[in-house]
Amino acid sequence: MTLAAALGLALSVPVQAATGASATSPAVVSPNSMAAANAVPAGTDAPAGALPNIAFFYSDPSPVVTLLQAYDAVVVSPSSTFKPTEHALEHTTWIARVDLANVAADTTNLSGSFVEQTLAPLWQQGYRGFAFDGLDALFASAPNADARATREHNVATLIDTAAQRFQNARIVQHGGASLLPQTHPRVYAYVTGSVMRGLDANGQTPVPVPEAQRAATLADAQRIHQDFQVPVIAIDFCPALDRACARDDAKAVRAVGDSIGLAPYVTDPGFDSVGIGRIEVIPRRILLVQDTDPTQPIDESAGVRDLAMPLNYLGYTIEYADVNKPLPGHVTPDRYAGIVVWLERAPVDSSGDWEKWILARIADHVRTVFFSDFGFVMNPQAGAALGLTTFDGRPRGQVSIVSKDPMIGFEVMPAADGRDADGIKVGDNGTSLLRLAAGDFVYDPVALTPWGGYALSPFTIASLNSIGQERWAIQPLDFLSRALALKPMPMPDTTTENGHRFFMVHVDGDGFASRCEFPGPDFSGQALYDRLFSKYRVPTTLSVIEGEVGSKGLYPQLSPRLEQIARQMFLLPNVEIGTHTYSHPFEWEDVQEGTGERVKHRSTIDQGGGDSAFSLNIPNYTFNLDREITGSIDYINSRLAPPGKKVKILQWSGNCEPPGIAVRKTYEAGVLNINGGDTVITKTANSWTNIAPIGVDKGPDAFQVYAPNQDENVYTDDWQGPFYGFTRVLETYAMTNEPRRFKPINLYFHMYSGTKIASLRALEEIYQSVLKQSVFPIFASEYALKAIDWQNFAVARDGDSWLVRGDGELRELRYPSAVKPNLASSSNVAGFTPAPDGTYIHMAGSSARFSLATGDVTQPYVKAASGFIRKMVRGPGTLNFEVGSYYQPSLDLANVGACRVNLDGKAVARRGDDLHLDLTAVTGQDIQYHQVEVNCGS
């Protein structure tokens, strides 16, 4: 089950029969999925008259759903392991393959019992179409002409019955061209023979199609499309791992097919690859192999702590693997953009098996990058397999730099130590990035190779032990891009929407029962309510710890007053509700992954709830994971939440390093999750190692969303002072914005910040500074939804165009260079904004299609907007849409100098080509949308 499906299931989301799309429950609703009118119907991202993109995948498609969603339809061989209802996609229809080759079509009642016994159960499982395969074999095996005629009649009747019985079912006819005069009104697509490469007699090996057969197939395809207006698909075959073959053959078929209604699809003989058709899906997944410490959470591993952020920024999601545990199968170039290896601990348990596995992946054309160590002895045999020259010995004397690429010495230049040297030199087909020498001993500790590259210790991350910090010795973005051969692409972006940087406020419940240290309000929550929450009406996510506030917690005598303050806060229209658990676990690594039970790793437990405690010391309470999550949610919903509001998000407590089972339970409870990560970069801790990734995947349906920034505890020396120190978070905001925007702005603090005048003034300074910037305030739950959408987002190439698809939460793309989308031929693109690190492209729906412009853009467009855009319709010289936000929305339009612009039906005066509009908003979680109409016609 996918993460989104798990969340939907917990919220009882119905499946729409016609499209297979799932709606978002009001429990976690966001403006981008708020109204059905805001959803983009399937197919609207394609140009008018375009052929549908259909994939054929006969293995379990569960691992590659995020890739296959780029296709309009996917033909699947039904099995017990794949359930379409658990993988509902807005733009993609799951079609069940029904092989009729061995069906007794001359005796079986295909239009009766076969429909009810075979097709109806498939429809019930969530398939919304049927691909009737094997028709040519079925007809050819008929004993005589009468039997063949009977079979053709029965199959034609079956197709007609299926189309009538299952409303809007998409019918794919695989062969049986003689039926098309009868069936074509019902047929979504017709599958013809191979054009470039078919299969041998055993159906195992791709072989070239004879020229005469190719010509006949092309002629048939042209006739079928002309006579019946049915799209025709040619399935061709290449070896499973040969993407170059698939790419070339798809291009060759398309060159002749576009003009005759023929679309290619090139796959492997086992239909187990994400094939290439008119589109090629770009894999966004990286397998990160590391030697994790079994006593530590994955959050503390080098892969998560250091490597994940650069890979995320480049647009790639991460699957983690432990080199000392069984490694995944199907690591192929159609599914993975590459493998990154970071080994820095003890020797690999079975270095021989590891060497065999990784060399096999490299032989399979999966780009690979090694950091720190290879994990096996680089003997001549291994070196030859990698195209490296190996030699024995150690350098003697002082090591000097022979040559150095500019990316080396990025944040620090470690001193070369001959004792760490490996006798490795890059081959003739590689590129040395750092060459060192000591006498006759010349070696390359950093290099690019035809298969990827490597950066050996210490030229990865260097520890500055004297100040307890780390620094990158190599520029990771440049190195990873070149080593993995990453091509420029529009990358889904979680920092921004419509050109404006997100701003989110979320508050953990710690200290809600703390007394104020100044006259006036009694408790911290009241002080924050008076001075911040009721004054700055930006979207704010507030949480409490039940064990601190509720009558069954630490302070039953204070509970009536604390609950009163909580109800007052949650009643604010700009506040959404979170839970900070029941007992506030500090040490989440004490929770077992398999059972969710607590295992005590310490012989003594601090009964005061201090740093050495597992959680708050609530009398008579034994840790229970369900009580922490579901129990605290139920308490807040029943005791504190006003009518119409429910808990939307769980904010991790303590070290924020929960196991996968805990993360999974948040989604099962129908809420999102946030917290964790360590984005603490400042002028005195100026390193990209201090910027956390978007989140961490802790297994199936267990993606933990990290907080974009860290809380005041980090900036106040663990709340020992100075208590105004949180103002330094403004440095973090600035350093994660330019020259590269790594993060949105996240004002994240605790309730105890309301206890001191210094901390309150620091918060007021932060609010005032941020709100002077061009920001787009959103709720923490909306950011979490965007992070999940980012995980699953599909990017595909369609010739010179890009096709992108998500679930509608994430609406911004960042192209890594200064470009302009061709708005005249685009679909669902509202506009674009230049940025220091590329170009932000604004989507107006859950999918978009565009090419890059070669000249000036003359159409009107949205340059920037601090609001959500929906219902956009672009026509020749026109642009109509709605825009709205929770807080002070604004809109910047470009190329409207010669246009009429109406706002909510009233004309707007213009000065020049650009137009800035300040719009109104109503504080709350219901957005006031404004109608914008731009008409540039005569």
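Because the structure is predicted, anything quoted here is derived from the model rather than measured.

Peer 1: Could you give an account of helix α21 (residues 780-792), naming the residues involved and the relevant values?
Peer 2: Counted at 1.5 Å a residue, the expected span for α21 with its 13 residues is 18 Å, and the 19 Å between its end C-alpha atoms agrees. Burial within α21 is extensive, with twelve of its 13 residues counted as buried. What α21 keeps buried is the set A780, S781, E782, Y783, A784, L785, K786, A787, I788, D789, W790 and Q791.

Peer 1: Any details on the packing of helix α13 (residues 524-533) against helix α15 (residues 559-571)? Residues and values, ideally.
Peer 2: In contact at an axis separation of 9 Å, α13 and α15 are set at 20° when each is read in the N-to-C sense. When the interaxial angle is binned, α13 and α15 end up roughly parallel. Viewed along their axes, α13 and α15 form a crossing whose handedness is left-handed. Taken together, the residues of α15 that come into contact with α13 (itself represented by G525, Q526, Y529 and F533) are R561, I565, Q568 and M569. For the contact of α13 with α15, a count of residues per class yields four nonpolar, three polar and one charged.

Peer 1: Can you tell me about the nonpolar core, naming the residues and giving the values?
Peer 2: Ranked by internal contacts, the top residues of the largest apolar core, which has 155 residues, are F371, F479, F533, L747 and F749. Residues F56, V65, A156 and A169 belong to the second largest nonpolar core, which totals 64 residues.

Peer 1: Provide a residue-level description of the side chain of Q925, including the pertinent values.
Peer 2: Here Q925 shows up in the loop between β47 (915-918) and β48 (930-935). A polar atom in the side chain of Q925 sits 2.9 Å from the backbone oxygen of V575. Among the polar contacts listed, one links the side chain of Q925 to the side chain of K648, at a separation of 3.3 Å.

Peer 1: Report on the environment of G452, specifying residues and quantitative values.
Peer 2: Tracing the backbone through its elements, the reader meets G452 in strand β21 (residues 452-456). On the accessibility criterion, G452 (0% relative accessible area) is buried. Sequence separation of G452 and D373 is 79 residues, and the distance between their C-alpha atoms is 14 Å. In this structure, G452 is in contact with R367, T368 and A483, ignoring residues within four places of it in sequence.

Peer 1: How would you explain the sheet that holds β48 if you had to name every residue and give the values?
Peer 2: Strands in a sheet are paired, the pairing made by backbone hydrogen bonds, and the direction either parallel or antiparallel. Spatial ordering of the open sheet is given by β42-β43-β48-β45-β46, a layout of five strands whose pairing is antiparallel. The open sheet has two free edges, formed respectively by β42 (868-875) and β46 (906-907), since each of these has just one partner strand.

Peer 1: Quick one: what's the story with the pattern of salt bridges, residue by residue and with numbers?
Peer 2: According to the stated counting rule, one finds 36 salt bridges in the structure shown. A salt bridge links D444 to R435, with the shortest nitrogen-to-oxygen separation between them at 2.7 Å. In this structure, E563 and R639 form a salt bridge, with 2.5 Å as the shortest nitrogen-oxygen distance. Of this pair, E563 sits in helix α15 while R639 sits in helix α16 (residues 625-639), and the two are 76 residues apart along the sequence. Note on E563: relative accessible area 4%, which makes it buried. Taken together, the shared-partner salt bridges in this structure form one network comprising R254, D258, R278, D798 and R849.

Peer 1: Please provide a residue-by-residue account of the sheet that holds strand β20 (residues 441-449), values included.
Peer 2: Overall, mixed pairing links the eight strands, which are arranged β13-β12-β14-β15-β21-β20-β19-β17 in an open sheet. Each end of this open sheet is capped by a strand with a single partner; those strands are β13 (317-322) and β17 (400-404). On average, adjacent strands in this sheet sit at an angle of 20° to one another, irrespective of strand direction. The sheet contact formed by strand β15 (residues 368-372) and β21 spans five bridges and is parallel. Paired with F370 across the bridge in β21 is Y454. Here helix α9 (residues 302-313) sits on the sheet and contacts β12 (285-290), β13, β14 (338-342) and β15; the angle it forms with β12, its principal contact strand, is near 160°.

Peer 1: An account of the side chain of T833 is needed here, citing residue identities and associated values.
Peer 2: Its location among the elements puts T833 in strand β38 (residues 829-835). Exposure remark for T833: the relative accessible area of 13% places this residue in the buried category. Excluding anything up to four places from it in sequence, T833 contacts N498, G499, T839, Y840, H842, K863 and A864.

Peer 1: Explain the pairing of strand β10 (residues 262-267) to me, and be specific about the residues and the numbers.
Peer 2: In summary, the side chains of a regular strand alternate between the two faces of the sheet. For β10, the buried fraction is high: six of the six residues fall into the buried class. In β10, alternate side chains face the same way, and those of L262, P264 and V266 on one face and A263, Y265 and T267 on the other are all buried. Sheet analysis places strand β9 (residues 232-237) next to β10, joined by six bridges and oriented parallel. In the sheet register, A234 faces β10, and the bridge partner there is P264. Between the parallel pair β9 and β10, the chain is carried across by helix α8 (residues 243-257), and the sense of this crossover is right-handed.

Peer 1: So, the pairing of β12: which residues are in play, and what are the values?
Peer 2: Of all six residues in β12, five are buried, a share of seventy percent or more. Inspection of the sheet shows β12 paired to β13 by six bridges, in the parallel sense. From the neighbouring strand, I286 faces β13, where its bridge partner is I318. After leaving β12, the chain enters α9 and then returns to the sheet as β13, a path that is right-handed. Sheet analysis places β12 next to β14, joined by five bridges and oriented parallel. Bridge assignment links Q290 to a residue of β14, and that residue is W342.

Quick notes on the rules
Residues numbered from 1 in each chain as written. Predicted model: local features only at pLDDT ≥ 70, side-chain atom pairs only at ≥ 80, totals over all residues. Heavy atoms only, no water. Helix = DSSP H or I, 4+ residues; strand = E, 2+ residues; numbered from the N terminus. Expected span 1.5 Å × (residues − 1). Buried < 20%, exposed > 50% of the residue type's maximum accessible area, 1.4 Å probe, protein only. Axes fitted to C-alpha atoms, helices over the stretch in contact; angles between N-to-C directions. Parallel < 35°, antiparallel > 145°, perpendicular 65-115°, else oblique. Left-handed = near helix turned anticlockwise from the far one by under 90°. Contact = heavy atoms within 4.5 Å. Nonpolar A, V, L, I, M, F, W, Y, C, P; charged D, E, K, R; others polar. Core = buried A, V, L, I, M, F, W, Y, C linked by side-chain atoms within 4.5 Å. Polar contact = N/O pair within 3.5 Å; in protein donor to acceptor, adjacent residues only side chain to side chain. Pairing = 2+ DSSP bridges. Salt bridge = Lys/Arg side-chain N within 4 Å of Asp/Glu carboxyl O. Right-handed = clockwise from strand over helix to strand, strands pointing away.

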